[in-house]
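Residue strings, one per chain:
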Amino acid sequence: MRILLTNDDGIHAEGLAALERIARTLSDDVWIVAPETDQSGLAHSLSLSEPLRLRKISDKHFALRGTPTDCVIMGIRQVMDIKPDLVLSGVNSGSNVADDVTYSGTIAGAIEGTMQGVRSFALSQAYLYEDGARIVPWEVCEAHAPALLEKLMDLDLPEGTFLNLNFPNCRPGEVDGAEVTMQGKLAFNLQVDARSDGRGFPYYWLKFGERAGAFIEGTDIHALKHNKISVTPLKLDLTDYSVTDRVARALGYGAQV
């Protein structure tokens, strides 16, 4: 089996090294095409106005000056001579659950792999802030991801569907299994931090404040809170079929399929 890895935290990220160790429990044919620098929060974006600069680091390891989406496209269309059997994106430093999946470059790597017709998974690891430092228990995903992926690799998924895996912030032995979940809901709490530069001109940082969520049973955020691995099937088709008839009637048309 041939596996392509990417991420959004960058080629030197600790989570990518963890993902490579996970992938090598499944196959010896592992390729990496990852962003040269951190691309967190860029979602499913393409580099259309700048050239893509590809740098070979070592055998089957490449850094790209581009987004996670660019990396998957380049990996499949340019770097690899044969299409991979599996795309793994991550392991992200921090969970990608609820509404945050729309911002995530990690999710975007799995989206692009799916669009390219390759079975794709996104993997993310929840963490804790302690004394102002980010404490990420990478040993959790490394301990549990291999067996989980073994079970899911040959799953019969509909075309355009991929899986979003999130690992809880706890010790490996405290993980209470895996749960199939749906997206939860987090309060939008992006804040604008206004500052001034050395000449008095304004500039701004976007930052997250405290995130409140409805920890409803069955959601991804509920599973993580209860030390469970969240496995959420996501799909490329964003159509809301539940309102197509209402929209059609508002436009004066008959009911739609």
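For clarity, every value in this text was computed on a predicted model and none was experimentally measured.

## Focus on the sheet that holds strand β9 (residues 161-167)
The 9 strands lie next to each other as β3-β4-β2-β1-β5-β6-β9-β13-β10, forming an open sheet whose pairing is mixed. Every other strand in the sheet has two partners, leaving β3 (53-58) and β10 (178-180) as the edge strands with one partner each. On average, each strand axis in the sheet is inclined to that of its neighbour by 20°, with strand direction left out of account. With 6 bridges joining them, β9 and strand β13 (residues 229-235) adopt antiparallel strand pairing.

## Some points on the packing of aromatic side chains
Applying the stated criterion to the full structure yields 1 aromatic pair. The ring of Phe215 carries the charged tip of Lys225 above its face, separated from the ring centre by 5.0 Å.

## Thoughts on the UniProt feature "binding site: a divalent metal cation" (unreviewed entry) in the chain
Feature annotation in UniProt assigns "binding site: a divalent metal cation" (unreviewed entry) to the following positions: Asp8, Asp9, Ser40 and Asn92. Annotated residues spanning 85 residues; largest pairwise C-alpha distance 9.1 Å, indicating a single compact cluster. Of note, Asp8 is situated in the loop between β1 (2-6) and α1 (14-23). Asp8 sits in the buried class, given a relative accessible area of 2%. Apart from residues lying up to four places away in sequence, Asp8 is in contact with Pro35, Thr37, Asp38, Gln39, Ser40, Gly41, Pro68, Asn92, Ser104, Gly105 and Thr106. Ignoring sequence-local partners within four residues, the contact set of Asn92 consists of Asp8, Asp9, Thr106, Leu123, Ser124, Gln125 and Trp138.

## Considerations on the state of the cysteines
Counted by the stated rule, this structure contains 0 disulfides. Looking at Cys141, it has no disulfide partner, and the nearest cysteine sulfur is the one in Cys170, 11 Å off. Owing to a relative accessible area of 0%, Cys141 belongs among the buried residues under this scheme. Relative accessible area serves as the criterion here: at 9%, Cys170 is assigned to the buried category.

## Details of the UniProt feature "domain: Survival protein SurE-like phosphatase/nucleotidase" (unreviewed entry) in the chain
Here the UniProt-annotated "domain: Survival protein SurE-like phosphatase/nucleotidase" (unreviewed entry) positions come out as residues 3-185. Taken end to end, residues 3-185 has its terminal C-alpha atoms 32 Å apart, with 26% of it in helix and 29% in strand.

## Considering the pairing of β13
Within β13, 5 of the 7 residues are buried, leaving the element largely enclosed by the surrounding structure. As paired elements, β10 and β13 share 3 bridges and run parallel to each other. Within β13, the position partnered with Glu179 by the bridge is Ser230.

## Digging into the pattern of salt bridges
Following the criterion strictly, the structure yields 10 salt bridges and no others. One salt bridge connects Glu142 with Arg21, and the closest N-O pair in it is separated by 2.7 Å. Note that Glu142 is positioned in helix α4 (residues 138-152) and Arg21 in helix α1, a separation of 121 residues in sequence. Across the pair Asp193 and Arg195 runs a salt bridge, and its minimum N-O distance is 3.0 Å. Residue classification places Arg195 among the partly exposed residues on the basis of a relative accessible area of 39%. In the salt-bridge network here, residues are joined through shared partners; they are Arg2, Asp29, Lys60 and Asp81.

What counts, and at which threshold
Residues numbered from 1 in each chain as written. Predicted model: local features only at pLDDT ≥ 70, side-chain atom pairs only at ≥ 80, totals over all residues. Heavy atoms only, no water. Pairing = 2+ DSSP bridges. Helix = DSSP H or I, 4+ residues; strand = E, 2+ residues; numbered from the N terminus. Axes fitted to C-alpha atoms, helices over the stretch in contact; angles between N-to-C directions. Phe/Tyr/Trp six-rings, centres within 6.5 Å; stacked < 30°, edge-to-face > 60°. Lys NZ or Arg CZ within 6 Å of the ring centre and 35° of its normal. UniProt positions renumbered as here; feature names shortened; annotations may be inferred. Buried < 20%, exposed > 50% of the residue type's maximum accessible area, 1.4 Å probe, protein only. Contact = heavy atoms within 4.5 Å. Disulfide = S-S within 2.5 Å. Salt bridge = Lys/Arg side-chain N within 4 Å of Asp/Glu carboxyl O.

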